[in-house]
Amino acid sequence: MDQHIRVPAGEKITVNPDFSLNVPDHPIIPYIEGDGTGFDITPVMIKVVDAAVEKAYSGKRKIAWMEIFAGEKATRVYGPDVWLPEITLQILRDYVVSIKGPLTTPVGGGIRSLNVALRQELDLYVCLRPVRYFQGVPSPVKHPEKTDMVIFRENSEDIYAGIEWAAESEGAKKLVNFLINEMGVKKIRFPETSGIGIKPVSREGTERLVRKALQYAIDNDRKSVTLVHKGNIMKFTEGAFRDWGYGLAGKEFGAQLLDGGPWMRFKNPKTGRDIVVKDMIADAFLQQILLRPDEYDVIATLNLNGDYVSDALAAQVGGIGIAPGANLSDSVAMFEATHGTAPKYAGKDYVNPGSEILSAEMMLRHMGWVEAADRIIASMEKSILSKQVTYDFARLLPDATQVSCSGFGQVMIDHM
Ligand SMILES: NC(=O)C1=CN([C@@H]2O[C@H](COP(=O)(O)OP(=O)(O)OC[C@H]3O[C@@H](n4cnc5c(N)ncnc54)[C@H](OP(=O)(O)O)[C@@H]3O)[C@@H](O)[C@H]2O)C=CC1
Ligand SMILES: O=C(O)CCC(=O)C(=O)O
Ligand SMILES: [Mg+2]
C-alpha cells in the first residue's frame, strides 16, 4: 500500500457475482475528507456514524475508517499537480463502498471536475439523490411534506462530461471547420469566437440508468417514474433519452401505452399496484415540482438536468444542508452530499453537516446496517425538532438555537 495511507485493522467489503455485498463486522471504509467545508463536515459525519453504529450494535460492529486523498489535500500529500492519485481510484474500486466530502472545481479554466472524473473513472453511472422532508425544517414552500422524490441522475455522459474546447483554440477552430465544411452546419452564429461543447447521450447509458430507476420504483413500491428531458430542443440526445426510456419500460418491464401514449403503465410484480412511466420537459418540470410536487415520485434524468433538479428540489425541503446522495455502479458505491465546498465557510465549524451525515445513512443502509441507519434518521428528526440547528435553518427559525457544525453533530449524538 501507498506510504501516505494508513490501513486500519479491519476487512474489505466484497461483492458477490449477483452484486450483493459481503459486509464484515469491521469493514474498512475509505473516505475523502474533501475541500473547503469538507474539513468541517467529514470528521463530524464520522463521529455521528460511529455513535450510531455503537448504539445499534454495542461494539459487535464498527467501521474502520481509512483516509485516502483527492483534491487540494492530495496536492499537499502527493505533490502540487496530483489532484486525483491513481491509488485513490484503485482503493475506491477495491474497497467497494466509500464516502467523500465535496471537491472544488474552478470556474472557467483550471482543473476539470474531480467529482466528474471519479464518477467516470469508476463508471458510477447512477447519481441517486433522494429528496424528503424532515418535520420542523424551515422551507420556502407551504407544504414541503408533499415533496418526496428520488432522483436518478445519469452520471457518466451528457454535456456535463466536459468534452469542450475554448473559443479560438486550435481544437475549437478544427471542430468548427469540420462542422461547417464537412457536416454542412450553417447555424453557428459566431464561428470565429465560439467555444464548443459536445453532448454524448447513448442508448446504453440511458437504458442502464432508466432500468435502475424502474427497478427502484418496483422495490420501493413507488407510483411513478418521470423521465425529465429537454427533448423538444435537443432531439437526438434528450429526446432520444425519453424514447429509449419508454422503449426500455416496454421491452423489459412490460409497460403498455396509457390512453394511446406516450405515457405508459405496468404492474409492480411485487405488489400488483400500477407504476406509471411518464415524461416531462425539463423547464415545465421545474415549475411543476413547486406547484404540484406530490404528482412526482421517482425521477430519471440526464446529467445536467439532474444537477439542476437536485439543488432545486433540495431547496423545497430546506436546502442543500441536508441533501444526501450516492454515486453507484453495479458493484461500487461512493456516497457524497449534493452540495459543494461552500468556500466562504471553510474551516469555520459553521455549516450543516446534515447532507454528509445523511449520505452516510444511505451508505449504512446500502451495507445492510439498517439499525444504525434508522438511528441516524430518528436522531436527525429529533435534533431538528429540538431546534438546535446550524445557521442555515436557524436564520429561518426565529426561536431556534444556532449551533456550530460540530455542535450539531453532538446534538445528533445526544439524541440517539
Ligand atoms: N460533489 C461535489 O463535490 C460538488 C462540488 N461543488 C464545487 O463546490 C464549489 C462551490 O460551489 P458552489 O456553487 O458555491 O456551491 P456550494 O454547494 O458549495 O454552496 C452554495 C451555497 O449552498 C449553501 N451550502 C452549501 N453547503 C452547505 C452546508 N453544508 N450547509 C448549509 N448550507 C450549505 C450555502 O448557502 P448560503 O450562502 O445561503 O449560506 C452556499 O453558499 C465549486 O468549486 C463547485 O464546483 C459543487 C457541487 C457539488
Ligand atoms: O463537480 C463539481 O464541481 C460540481 C458537481 C455538482 O454540482 C454535482 O454533482 O451536483
Ligand atoms: Mg450540483
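Under an unreviewed UniProt entry, the name given to the protein chain is Isocitrate dehydrogenase [NADP], and the organism recorded is Thiomonas arsenitoxydans. Taken directly from UniProt, the Subunit (unreviewed entry) text for the protein chain runs: "Homodimer."

K.L.:
Help me understand the overall build of the protein chain, please; the structure alone is not making it clear to me.
P.N.:
Per the secondary structure count, the protein chain includes 13 helices and 18 strands. Against the globule reference of 22 Å for 416 residues, the protein chain gives a C-alpha radius of gyration of 22 Å, in line with a compact fold. For the protein chain, the spread of C-alpha atoms along the principal axes amounts to about 65 × 55 × 50 Å. The buried share of the protein chain, reckoned over its 416 residues, is 43%.

K.L.:
Help me understand the site of ligand 2, please; the structure alone is not making it clear to me.
P.N.:
In the vicinity of ligand 2, the residues found are Thr-105, Ser-113, Asn-115, Val-116, Asp-307, Thr-338 and Gly-340. Grouping the constituent residues of the shell around ligand 2 by class yields one nonpolar, five polar and one charged.

K.L.:
Which parts of the structure should I look at to understand the confidence of the model for the protein chain?
P.N.:
Regions with low pLDDT should not have their predicted coordinates read in detail. Of the residues in the protein chain, 100% reach a pLDDT of 70 or more, and the chain-wide mean stands at 97. Predicted complex metrics record ipTM = 0.99 and pTM = 0.97.

K.L.:
Teacher, can you tell me more about the environment of Ser-113 here?
P.N.:
Mapped onto the secondary structure, Ser-113 falls in the loop between β5 (97-100) and α4 (114-121). Owing to 16 C-beta atoms within 10 Å, Ser-113 belongs among the partly exposed residues under this scheme. Spatially, the C-alpha atoms of Ser-113 and Gly-162 are 8.5 Å apart, while their sequence positions differ by 49 residues. Leave out the neighbours within four places in its chain, and Ser-113 touches Thr-105 and Gly-162.

The rules behind the values
- The written sequence of each chain sets the order in which its residues are numbered from 1.
- Chain letters start at A and ligand numbers start at 1, both assigned in the order the entries are written.
- Given that the model is predicted, a residue must reach a pLDDT of at least 70 before its local features are reported, and side-chain atom pairs must reach 80 or more before they are shown or counted; all residues, however, enter totals for whole chains, interfaces and linings.
- UniProt positions are given in the numbering used here, feature names are shortened, and annotations may be inferred rather than shown by experiment.
- Numbering of helices and strands starts at the N terminus; helices are DSSP runs of H or I of at least 4 residues and strands are runs of E of at least 2.
- Based on C-alpha atoms, the radius of gyration is set beside the globule rule, defined as 2.2 Å times the residue count to the power 0.38.
- Exposure classification rests on a simple neighbour count of other C-beta atoms within 10 Å of a residue's own: a residue reaching 20 or more is buried, one at 12 or fewer is exposed, and one in between is partly exposed. C-beta atoms are placed from the backbone.
- Throughout this description, a residue near a molecule or strand is one whose C-beta atom, derived from the backbone, lies within 6 Å of it.
- When residue character is reported, Ala, Val, Leu, Ile, Met, Phe, Trp, Tyr, Cys and Pro are called nonpolar, Asp, Glu, Lys and Arg charged, and the others, Gly included, polar.
- pLDDT measures the predictor's confidence residue by residue and takes values from 0 up to 100.
- Throughout, a pair of residues is in contact if the C-beta atoms placed from their backbones lie within 7 Å.

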